[in-house]
Amino acid sequence: MGPASLQEEREPGKKSKEEMESYSCLMLAGSQLENTLQQVTVPVSMKEVGGYIEKQVAYLSGGRGEDSSVIITLPECSAFSDIPEEALAKVFTYLTLIPRTRQPGVKFIVILDRRLDTWTSIKTALARIAASFPGNLHLVLVLRPTSFFHRTVTDIGFRFSQDDFMLKMPVVMLSSVTDLLRYIDENQLTSEFGGTLDYCHSDWIVLRTAIESFAVTVKDIAQMLQGFGTELAETDLPDEGKAIEHLLETHTEKYRKLKDAIRSVSKEGRHLLSSLETSGKEDDSQWDVKLDWETVQRLLAQLRDMESAFDGFFEKHHLKLHQYLQLLRYEQSFQEMDLCLEHLMCQEKELSTNVNTLAQTEQALKRLDYLESNAQEVMARAQIIILHGHQLSAGHHYAMALIMQRCNELRHHCDTLSAALKTKHSVLLQTHQLLLCLEQAQTWCDDGAYMLANQLADKFQSKEGAQAALRDIEKFLEETPSMLTSGLDPLAIEYEAVITPQLQAQIEKTFEKHTAVQQMIQNRQASLKKLADKHVRPIQLVAPRPENPPRSKSPLFSPKHSDGLKFTFDLSLPGKRASRKSPNPRKIEVIHDYQESRSCVSYNLDGDDSPDLLKRHVMRELIETERIYVEELLSVLLGYRAEMDNAALSGLLPPILRNKRDILFGNMPEIYNFHSRVFLQDLEGCLEAPEGVGACFLQRKESFQMYECYCQNKPRSEALWRQFSDCSFFQECQRKLEHKLGLDSYLLKPVQRLTKYQLLLKELLKYSTDSEGTSELQGALAAMLDLLKSVNDSMHQIAITGYEGDICELGRVLMQGSFSVWISHKRGPTRMKELARFKPMQRHLFLYERALLLCKRREDHGDGSDKTPSYSFKHCLKMTAVGITENVKGDVKKFEIWYSGREEVYVVQAPTVEVKMAWLNELRRILTNQQKLLRDEAYQHGQMAEYVPLSPPLTERGMRPSRGVPRGCLPGLDFVSLSADVFLCLRSQSPRPRSPRQLPRPRPRHCSQRH
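Residues numbered from 1 in each chain as written. Predicted model: local features only at pLDDT ≥ 70, side-chain atom pairs only at ≥ 80, totals over all residues. Heavy atoms only, no water.

## Structural notes on the sheet that holds strand β8 (residues 841-848)
Phase 1: One open sheet accounts for 8 strands, arranged β6-β10-β9-β8-β7-β13-β12-β11; its pairing is mixed. Only two strands of the sheet have a single partner each, and these edge strands are β6 (800-801) and β11 (882-885).
Phase 2: Note that β8 and strand β9 (residues 851-859) share 4 bridges and pair antiparallel. Of the residues in β9, the one forming a bridge with Phe 846 is Leu 853.
Phase 3: Against the sheet, helix α25 (residues 774-797) engages β6, β7 (813-825), β8 and β10 (869-878), with an angle of about 50 degrees to β7.
Phase 4: Across the sheet, helix α26 (residues 913-940) touches β7, β8, β9, β11 and β12 (894-899), and the angle it forms with β7 is around 95 degrees. (Pairing = 2+ DSSP bridges. Helix = DSSP H or I, 4+ residues; strand = E, 2+ residues; numbered from the N terminus. Contact = heavy atoms within 4.5 Å. Axes fitted to C-alpha atoms, helices over the stretch in contact; angles between N-to-C directions.)

## Describing the pattern of salt bridges
Phase 1: In the structure shown here, the tally under the stated rule is 26 salt bridges.
Phase 2: Of the charged contacts in the structure, one is a salt bridge between Lys 259 and Asp 311, with a shortest N-O distance of 3.0 Å. With a gap of 52 residues between them, Lys 259 in helix α9 (residues 241-282) and Asp 311 in helix α10 (residues 287-350) connect regions that are remote in the sequence.
Phase 3: For Lys 259, a relative accessible area of 12% gives the class buried.
Phase 4: Lys 424 serves as the salt-bridge partner of Glu 348, at 3.5 Å between the closest nitrogen and oxygen. (Salt bridge = Lys/Arg side-chain N within 4 Å of Asp/Glu carboxyl O. Buried < 20%, exposed > 50% of the residue type's maximum accessible area, 1.4 Å probe, protein only.)

## A word on a nonpolar patch on the surface
Phase 1: Judged by side-chain polarity, Val 892, Val 913 and Met 917 come together as a nonpolar surface patch covering roughly 240 Å² of accessible area.
Phase 2: In this fold, Val 892 is placed in the loop between β11 and β12.
Phase 3: In this structure Val 892 comes out as exposed when scored by relative accessible area, which is 60%. (Patch = residues over 30% accessible without salt bridge, like charges linked within 9 Å, V, L, I, M, F, W, Y side chains within 5 Å. Areas by Shrake-Rupley, 256 points an atom, 1.4 Å probe, with all protein chains shown as cover.)

## Comments concerning the nonpolar core
Phase 1: Counting residues in hydrophobic clusters, the biggest one holds 60 residues, and the most contacted among them are Leu 683, Val 693, Phe 697, Phe 704, Phe 730 and Leu 743.
Phase 2: With 13 residues, the top contributor of residues to this core is helix α17 (residues 611-641).
Phase 3: With residues up to four places along the chain from it excluded, the contact list for Phe 704 reads Phe 674, His 675, Phe 679, Phe 697, Leu 754, Tyr 757, Met 784 and Leu 787.
Phase 4: Among the nonpolar cores identified, the runner-up in size contains 53 residues, and Ile 109, Leu 137, Val 172 and Phe 193 belong to it. (Core = buried A, V, L, I, M, F, W, Y, C linked by side-chain atoms within 4.5 Å.)

## Here we look at the sheet that holds strand β3 (residues 107-113)
Hydrogen bonds along the backbone pair up the strands of a sheet, which may run parallel or antiparallel.
Phase 1: Overall, mixed pairing links the 5 strands, which are arranged β1-β2-β3-β4-β5 in an open sheet. The open sheet has two free edges, formed respectively by β1 (59-64) and β5 (171-174), since each of these has just one partner strand. Here the average twist between neighbouring strands, direction ignored, is 25 degrees.
Phase 2: Both strand β2 (residues 70-74) and β3 contribute to a ladder of 5 bridges, which runs parallel. Looking at β3, one finds that Ile 71 is bridged to Ile 109.

## Things to note about the pairing of β7
In summary, the side chains of a regular strand alternate between the two faces of the sheet.
Phase 1: Counting buried residues along β7, 12 of its 13 residues qualify, which places the element largely inside the surrounding structure.
Phase 2: Summarising the sheet, β7 and β8 pair through 8 bridges and their orientation is antiparallel. Pairing of Ser 818 across the sheet is with His 844, part of β8.
Phase 3: Relative to strand β13 (residues 904-909), β7 is paired through 6 bridges, and the arrangement is antiparallel. By the bridge assignment for β13, Val 821 is matched with Val 908.

The structure is reproduced here in structure tokens:
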């Protein structure tokens, strides 16, 4: 994707279908809102007629007459005749338009109240009404003057003028309010006409003003939303990253202001609705209030629809703009990396492999080593860019195809460069080896000539001297280089790829020299054999002149080897470049399946649910999640751990964190190296043969012990994270990685992965009944469950406090758990504790290979997740002095642990019978192993262990004698119990057995501490 491709992505016509659809939805919602506003908005506003409305020239009381005609009341107004015609027309237009916008064709009834006026005023008012009233005037009801004189004048005047008025509008003269009730119901008239309709003119003005203000505000908001949407749709994408960032900030700021305005007008609308609801509840007969409520409700609903459409469009546009910024930056990184790779490839081409001497070869190898070192560093950066491209594609980037094309181009360039460097390295190594062989051959030839020249004639004139010289020659011939013994043809075949004309000339010259030296040696051997067979006259030999000056033997060159074309990140030292000397370099590739979910593999197989196919799907999930797991570990190690060495971020990193990287991350690099270089490859090898995955887990069983170290460090890591979680350094790293979750979530990944394995193994085992590899799968599942238990036990073990010795000397922790414990002492001042046996102590027991620890669980003070348990050490019982009684009277969950010949007895109550049996089995196994060791030691010291007849079976209670030596054991023998009905007796280490009365009281051999 070059500049032309970027230009295509900037074209407005290239907008996505979803973006265009959301823009159409925004325009449609705006159009609907405008239509509603046109329907409910009155062309004449309150501002234009507000002064006359406030003077109460006319008003809408909300009453209705016959045929639902709307009543407009013209109360007594001394200044009615002074109102201009234009203003009166606007007042009538405003009052009639309010109901007409909701009910087109509605009729009107005008009540003209002139009870205190004259006929002249009535006549003038009727004439002005006839001239200015714009609506469908159904009836004019006139309350004539109440005084006798004016009423008489009015009757006479109306009689003569009735025909003129009736032609224009129906007019009815009413003598009193009682006559008015014949035309209009009492509940539709206000109190001034003797009715019950509740009407407050000032409240009506406030309400109308609020409704009109709300409608105008909604209209303005709609226009702003449409205008901003059009601006976004027509925005051309700039070429520079800073311009795009500025555009993003500008658009975001405008969007926030519009959202604030929408929230404000929505709040205003809800307040208006509340006011209308209050008015409607007080008087259900007010139809205009109900209509106003419906109008406001409708405007609010359409405003919400338009806001939703605008949010959707802005989100898609903002995402498009943000993704384009990512694309621009990715393109810039790609171009820079492409230039680096091209420069390296030019350097690789300039490095010649046409060398003819060892010095030239070694110099070329040094240059190649330096070039490979630079290439490894550049390709590591290229791998990060490829990984970033995969992350962008995984985020459903709109230019996914173009990004993947760039990733493939970088990968191709890296593979091409690696292959070229490897080829040249191989050629130079072969050339170096050939030149070494030629030098060794030439040195051998020179040494042979010097040997012949240095053989003194006077020394081998005798038979013994000749035989010694022959032996020297034979010994020298035994050291002939293999190149010379194999001949010219095998050498030409072996080094065919690197032999140049110059090297061919050297080879031929070397073999010619070898032929000459060999001929000299053969001649000397023939002469020496004759001298050895018979005594001849001494012959003075002349030392042959060497063909070449003496050559110093150069030390053997140790070639560097690189078995792989690909490279790896050396995470043991983050921030350093990968070593080219790695024996098994591997390329770490992050491969996503964008058509499937990252979290799991679906098992819906369109009806085909064969076990083999299900196993393959589970296997595919195991491998796919393993790849994702490796990728996540890599992102943490590169994006956080390695960045702690980044000088550009050193200002954001607290000084106290600089030397605590190993505490925060634990042994995650070790875990990553194991999974990326070993275990992932093992699992991928089982993709087509799932039956082998069990053996794979069992083979790497010991390697998984590294998780125990990681989990033991986890509390320290969490404490450190809680202290610095708000650090700017971690926030910047998270922003660069574009992680939605913080570092603490990724530090939990190894623990989560460990629990995931046993779930997947259970799935495989479910579909592998009676098939090949089932036993290995069962063993693998048991191994993973044991590992989880071991990790859990070790996590508890590290919380033990107060133990003064080295806890590692106790061996591996086998079991741990909480129990109720009663302690009984046989003698001494602590015997009184036997009286309190009904009060158990809560103790947490840790069973080791060599001891049993009793601890008290304590909760450390803290809030929330900071509240962690600890175990305060109380007693230590050495397993060499421990015995057990499996059954205790009265409770099937109890058993006894007695120490030093029952000097101390610990009655232990397990939470369940199953827990009790599990502990007894483990204790029995340890004691049995000790018995075997003691027996072996007895054999070594000539003291064979004796087995004596056992006492009769014990009762069902399984109780032991509380004093003395157990029945069935001879005096002077130490003893341990293996079950409720069996004693195993071993001979004591004492020189002579004593009677029971001579036996000293055994002293406690435990290291308990009393608290």
